[in-house]
Amino acid sequence: MGWYLGYIIVYFLIMFGIGFYYFLKVKNADDYLIGGWSMGFWPIVGTVISTWCGASVFIGTVGLGFQVGASGYIRFSLASVIFTLILILAFGRALRRQRLYTLADLFGQRFGVRAGIIPSLLSAVVYAIPTTAMQYLAMSTIWSACFGMDVGNALVLSAVLVLAFTVLGGLPGTIVTDALQAVLIITGIVVLAVASVSLAGGMGPMLAATPPEFLSPSGPYGAKEAALFFISVGPFYLVWQSSWQRIFAAKSEKVSLNANTLGVLICCGVFVCPILIGLAARQFLPPDINPDLIFSTVTRDLLPPYVGGLIYCALLAALVTGADSFILQGSSNLTHDFYRQLINPKADNRRLMLVSRLTVALVALAALWVAFNFTGIIAIYQWALRLTATTIVLPFLATMLWRGLTRAGVMAGMLGGLVSTVLWPYLGLDFDQTLFGFLFSALGVFGVSLVTRHHPEEHVAAVLWEDLPTAGMRR
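Residues numbered from 1 in each chain as written. Predicted model: local features only at pLDDT ≥ 70, side-chain atom pairs only at ≥ 80, totals over all residues. Heavy atoms only, no water.

Details of the overall build of the chain
- Summing up its helical and strand segments, the chain has 19 helices and 0 strands in all.
- When each of the 475 residues of the chain is scored for burial, the buried share is 60%.
- For the chain, long-range pairs separated by at least 24 residues make up 87% of all intrachain contacts whose partners lie at least 6 apart in sequence. (Helix = DSSP H or I, 4+ residues; strand = E, 2+ residues; numbered from the N terminus. Buried < 20%, exposed > 50% of the residue type's maximum accessible area, 1.4 Å probe, protein only. Contact = heavy atoms within 4.5 Å.)

Below, the structure is given as structure tokens:
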């Protein structure tokens, strides 16, 4: 316990030192929420790695490796990497050029302010709050494993620590600490993977003892099930606002493209480690163990404290950076898309800074409520990804590529995807939920656009090669 406590105290002293520095330095809402569009190459690389390696990787993907084996990499990790690279390589330069704040800002600038309400609510409520709750749940397993803390107190402690750091540093503090934490995260996950494989007898014996279906790309449930999981996860990463924030925050289009691409490619390699941990754990853990507890169980019970403490700090680094990124995502939506655009367009910087920090607290506390009422890391994450993707992906692609998209069409597409995905569980249909949502989104986007005219508030443009009014206007 002494090793654990020592590592954790040092970690949080460094974190809060950096956070307090940026609390004194950052006086502008643009800097607080979007880093002033001025971050350099290595800070962007580091923050991409840190943000990606949160609870879904350390906790959820380890559980997937335990439950479905190597196919967990295909259905989750590879899906996220492929679609994020499409976003960066195909759309990243154009998005960075527009000088946007949020995903909803894209729709607001193209179709009028009210068109951004649905994506903003989805980003803040359906995604940012549940995924922040995931980080709290994962952090609570550390406090329970290291110090025997009960779940309720562990969740409250997690929320307080994350909220305090996020309020202090904003996005600049997050990006700088992310860059430092990336080294710790990669070291921790690699060390645990090596230790787990060693405990399973080494790579050769471990693979020999693993049933063939757990080494197959299709997994124990077949190729169709793996493919549908891939489709339910992957498209979301085209509209993941955490990636958009990293694209926006870079100081130039070139830095944005190169730094984000390198960060994602590094993650592509790192993501092999949690799958190996899950496969190895099948050799020495009971088959009925809760998959969300595998990471903590292996670290606490099978590693010496001086190594386990390092692993727990790596997990904490991943969870804290994930949580503060998601909280800032929700805060950006509420501050920029609602307060600045709809409630008080003339708000001065002092008021915007106050609202930014208040909305950070609102998102963090809402996530704490979710954490108390829901469990299951991958289940929460997959639900948030699916609903966001079916509602926003096709409207986003059409906005980037098609001048003929109308405000009525984009609203119909978002509502069609949202309502059909929510209603699907009650319809008793033998049809995949994600495909069902995309079908109704497509009907709205294309069907309605073809029979309606452009609204007077629209700035008609295919944003991939035509600029919005914000391009070059914001500092």
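A short note on empty space enclosed by the protein
- Evaluation of the coordinates by the stated rule reveals 3 cavities of 30 Å³ or more.
- Lining the second largest cavity are T47, V48, T51, W52, T84, I88, S242, S243, R246, N260 and V264.
- Sorting the residues of the lining of the second largest cavity by element identifies α3 (41-52), α5 (71-97), α11 (241-249) and α12 (253-270) as the ones contributing at least two each.
- Among the elements that take part in the lining of the second largest cavity, α3 stands out by supplying 4 residues, more than any other.
- Of the residues contributing to the lining of the second largest cavity, the split by class is 4 nonpolar, 6 polar and 1 charged. (1 Å grid on protein atoms, 1.4 Å probe; cavity = no way out; pocket = protein on both sides within 12 Å on 5 of 7 lines; lining within 4 Å. Points joined across faces, edges and corners; volume = space filled by probe spheres on them. Nonpolar A, V, L, I, M, F, W, Y, C, P; charged D, E, K, R; others polar.)

Notes on the side chain of D432
- Note that D432 resides in the loop between α18 (407-423) and α19 (433-450).
- Within the buried core, D432 has no salt-bridge partner, and the shortest N-O distance to an opposite charge, that of R386, equals 6.1 Å.
- Polar side-chain contacts of D432 include one of 3.1 Å to the backbone nitrogen of T434.
- Setting aside its immediate chain neighbours within four residues, D432 contacts L228 and W424. (Lys, Arg positive; Asp, Glu negative; His and termini not counted. Salt bridge = Lys/Arg side-chain N within 4 Å of Asp/Glu carboxyl O. Polar contact = N/O pair within 3.5 Å; in protein donor to acceptor, adjacent residues only side chain to side chain.)

Quick look at the packing of aromatic side chains
- What the rule picks out here adds up to 16 aromatic pairs.
- Both rings, one in F83 and one in F230, keep their centres 6.1 Å apart while their planes meet at 55 degrees; by these two values the pair is tilted. Of this pair, F83 sits in helix α5 while F230 sits in helix α10 (residues 223-233), and the two are 147 residues apart along the sequence.
- Taken together, a centroid distance of 5.3 Å and an interplanar angle of 70 degrees make the contact between F91 and F396 edge-to-face. Within this pair, whereas F91 is found in helix α5, its partner F396 is found in helix α17 (residues 377-401), the two being separated by 305 residues in sequence.
- We classify F91 as buried; its relative accessible area is 6%.
- Residue F396 is classed as buried on the basis of its relative accessible area, which comes to 0%.
- A connected cluster of aromatic rings, assembled from ring pairs, spans W52, F236, Y237, W240, F271 and F326.
- When the ring centre of F229 is taken as origin, the NZ or CZ atom of R75, which lies over that ring, is 5.3 Å away. (Phe/Tyr/Trp six-rings, centres within 6.5 Å; stacked < 30°, edge-to-face > 60°. Lys NZ or Arg CZ within 6 Å of the ring centre and 35° of its normal.)

A look at α3
- In this model α3 runs 17 Å from its N-terminal to its C-terminal C-alpha over 12 residues, within 8% of the 16 Å that 1.5 Å per residue would give.
- Of all 12 residues that make up α3, 9 are buried, and the element is covered over most of its length.
- Here α3 has its buried residues at I44, V45, G46, T47, V48, I49, S50, T51 and W52. (Expected span 1.5 Å × (residues − 1).)

Quick look at the confidence of the model for the chain
- With 90% of its residues at a pLDDT of 70 or more, the chain has an overall mean of 84.
- Looking across the chain, the model is least confident in helix α2 (residues 29-34), with a mean pLDDT of 55, and most confident in α19, with 96. (pLDDT = per-residue confidence, 0-100.)

Quick word on the packing of α5 against α12
- At their nearest, the axes of α5 and α12 sit 9 Å apart, and the two run at 175 degrees to each other. When the interaxial angle is binned, α5 and α12 end up roughly antiparallel. Along the contact surface, α5 presents Y73, V81, T84, L85, I88, L89, R93, R96 and R97, while α12 presents E253, K254, S256, L257, N260, T261, V264, L265 and C268.
- Across the contact of α5 with α12, the residue classes break down as 9 nonpolar, 4 polar and 5 charged. (Axes fitted to C-alpha atoms, helices over the stretch in contact; angles between N-to-C directions. Parallel < 35°, antiparallel > 145°, perpendicular 65-115°, else oblique.)

Some remarks on the pattern of salt bridges
- According to the stated counting rule, one finds 6 salt bridges in the structure shown.
- For the salt bridge of E253 with R93, the shortest nitrogen-to-oxygen distance reads 4.0 Å. Taken together, the residues span a long stretch of sequence, with E253 in helix α12 and R93 in helix α5 at a distance of 160 residues.
- Here E253 falls in the partly exposed class, since its relative accessible area comes to 26%.
- A salt bridge links D467 to R97; the nearest nitrogen and oxygen atoms lie 2.9 Å apart. Taken together, the residues span a long stretch of sequence, with D467 in the segment after α19 and R97 in helix α5 at a distance of 370 residues.

Re the environment of A462
- Locating A462 in the fold gives a position in the segment after α19.
- Each C-alpha atom of the pair A462 and T399 lies 6.1 Å from the other, and the pair is 63 residues apart in sequence.
- Non-local contacts of A462, meaning those with residues more than four positions away in its chain, are made with T399, M400, L401, W402 and R403.

Comments concerning the packing of helix α7 (residues 117-147) against α18
- Where α7 contacts α18, the two axes come as close as 10 Å, and the packing angle between them is 35 degrees. Along its contact with α7, which presents I118, P119 and L122, the element α18 presents M411, M414, L415 and L418.
- Residues belonging to the contact of α7 with α18 are distributed by class as follows: 7 nonpolar, no polar and no charged.

Describing α18
- Counted at 1.5 Å a residue, the expected span for α18 with its 17 residues is 24 Å, and the 24 Å between its end C-alpha atoms agrees.
- Among the residues of α18, R407, G409, V410, G413, M414, G416, G417, S420 and T421 are the ones counted as buried.

Focus on a nonpolar patch on the surface
- Among the surface-exposed residues, L415, V419, L423, Y426, L427, L429, F431 and L435 lie close enough to one another that they form a single nonpolar patch of about 750 Å² accessible area.
- Looking at which element gives the most residues to the nonpolar patch, the answer is α18, with 3 residues.
- Assignment of secondary structure puts L415 in helix α18.
- Residue classification places L415 among the partly exposed positions, given a relative accessible area of 41%. (Patch = residues over 30% accessible without salt bridge, like charges linked within 9 Å, V, L, I, M, F, W, Y side chains within 5 Å. Areas by Shrake-Rupley, 256 points an atom, 1.4 Å probe, with all protein chains shown as cover.)

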